[in-house]
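Chain residues, written in single-letter form:
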Amino acid sequence: MVKTQGLIFTIILVFSICFLFVGTVCAQERVYYIDRQWTKIWINQDGTIDLFYHIRLALVSGSNINYVLVGQPQGDFTIGEAVDQYGHTLATTDVSSKSDYKIQVNLYEPLRAGQSISFNLSTNVAKMMTKFSSQTLAILLKYYS
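Residues numbered from 1 in each chain as written. Predicted model: local features only at pLDDT ≥ 70, side-chain atom pairs only at ≥ 80, totals over all residues. Heavy atoms only, no water.

Core analysis: the largest hydrophobic core is formed by 20 residues, its most contacted members being Val70, Val105, Leu107, Leu111, Phe119 and Leu121. Of all the secondary structure elements, the ones that give two or more residues to this core are strand S2 (49-61), strand S3 (65-71), strand S4 (77-84), strand S6 (102-111) and strand S7 (116-125). For this core, the leading source of residues is S2, giving six residues. If sequence neighbours within four positions are ignored, Val105 has contacts with Asn66, Tyr67, Val68, Val70, Ala82, Leu90, Ala91, Thr92, Phe119 and Leu121. (Core = buried A, V, L, I, M, F, W, Y, C linked by side-chain atoms within 4.5 Å. Buried < 20%, exposed > 50% of the residue type's maximum accessible area, 1.4 Å probe, protein only. Helix = DSSP H or I, 4+ residues; strand = E, 2+ residues; numbered from the N terminus. Contact = heavy atoms within 4.5 Å.)

This is the structure in C-alpha cells:
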C-alpha cells in the first residue's frame, strides 16, 4: 500500500513539473511591428492590376520570424518576384484558404529579436477592372493625375 501511494505521488509530481515548464515556454510572446509598408498599384489596360509591396518588419522580442503573410484583394492573382534588401530571392507560396487570399513570403534567414528586414513583393491580380480602351485609360489617367 505504501509503495502504491509513493508511485502515485511521484507520477503526479512529474506531471505537475512538466505542466509548469510547458506554461513557461508558451507564455513567451512575440513582439514585432511593421516599420514601413507601402504599395504601388498599376492599372493595366487588360483589366488586371500590378501590385508592388515594400515591407519593413522589425522583431523586438520573442521567437524568430521565418515568414510573412501578405494579403491579396482577390483570389485570381499571380505571384511575381520577392527580394529582400540584400538581393536574396525569397521563396513564395500561395496559402489562400476559401475567401482569405494571401501569399507566404519565406525570409532568407530567420528574423531574430533586435533585427529588422525589408523586402519587396510583386503580384498581378486579374479581373480587378473592366477592360479599357486606350482613349478611356488616357482620360482616367489625366483625371486622377
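That was the structure; now back to the text.
Turning our attention to the packing of aromatic side chains. The relative placement of two aromatic rings is captured by the distance of their centres and the angle of their planes. The full count for this structure, using the stated rule, is one aromatic pair. Look at Trp38 and Phe52: their rings are 5.9 Å apart centre to centre, the planes differ by 40°, and that puts the pair in the tilted class. Placement of the pair is Trp38 in strand S1 (residues 31-43) and Phe52 in strand S2, with a sequence separation of 14 residues. When its relative accessible area of 25% is taken as the criterion, Phe52 is described as partly exposed. (Phe/Tyr/Trp six-rings, centres within 6.5 Å; stacked < 30°, edge-to-face > 60°.)

Structurally, Asp84 can be placed in strand S4. Lacking a salt bridge, the buried Asp84 has Arg56 as its closest oppositely charged neighbour, with an N-O distance of 11 Å. Within polar-contact distance, the side chain of Asp84 engages the backbone nitrogen of His88 at 2.9 Å. When residues no more than four places from it in sequence are discounted, the contact partners of Asp84 are Leu90, Tyr108, Ile117, Ser118 and Phe119. (Lys, Arg positive; Asp, Glu negative; His and termini not counted. Salt bridge = Lys/Arg side-chain N within 4 Å of Asp/Glu carboxyl O. Polar contact = N/O pair within 3.5 Å; in protein donor to acceptor, adjacent residues only side chain to side chain.)

With that settled, consider the environment of Ala82. Looking at the secondary structure, you find Ala82 in strand S4. A C-alpha to C-alpha distance of 9.3 Å links Ala82 and Thr123, two positions 41 residues apart in sequence. Here Ala82 is in contact with His88, Thr89, Leu90, Thr92, Val105, Asn120 and Leu121, once residues within four sequence places are set aside.

Examined bridge by bridge, S1 and S2 share twelve bridges and lie antiparallel to one another. Note on S2: the bridge partner recorded for Arg36 is Arg56. If you look at the hairpin formed by S1 and S2, you'll find five residues sitting between the two strands, and Gly47 has a positive phi there, around 95°. (Pairing = 2+ DSSP bridges.)

The next subject is the sheet that holds S7. Adjacent strands of a sheet pair through backbone hydrogen bonds, lying either parallel or antiparallel. What the four strands build is an open sheet, ordered S1-S2-S7-S4; its pairing is antiparallel. A single partner strand is all that each edge strand has here, and the edge strands are S1 and S4. Direction aside, the axes of adjacent strands within the sheet are offset by 20° on average. (Axes fitted to C-alpha atoms, helices over the stretch in contact; angles between N-to-C directions.)

Taken as a whole, the protein shows an average pLDDT of 83; of its residues, 74% reach a score of 70 or greater. Here helix H1 (residues 2-26) stands out as the least confident element of the protein, with mean pLDDT 51; S4 is the most confident, with 98. Segment residues 20-25 is flagged for pLDDT under 50; beyond a separation of four residues in sequence, or across chains, it makes zero contacts in the model. (pLDDT = per-residue confidence, 0-100.)

Strand order in the open sheet formed by three strands is S3-S6-S5, with antiparallel pairing between adjacent strands. Whereas interior strands pair on both sides, the edge strands pair on one side only; in this sheet they are S3 and strand S5 (92-94). In this sheet, adjacent strand axes meet at a mean angle of 25° when their direction is disregarded. In terms of strand pairing, S3 meets S6 through six bridges, oriented antiparallel. In the sheet register, Val68 faces S6, and the bridge partner there is Val105.

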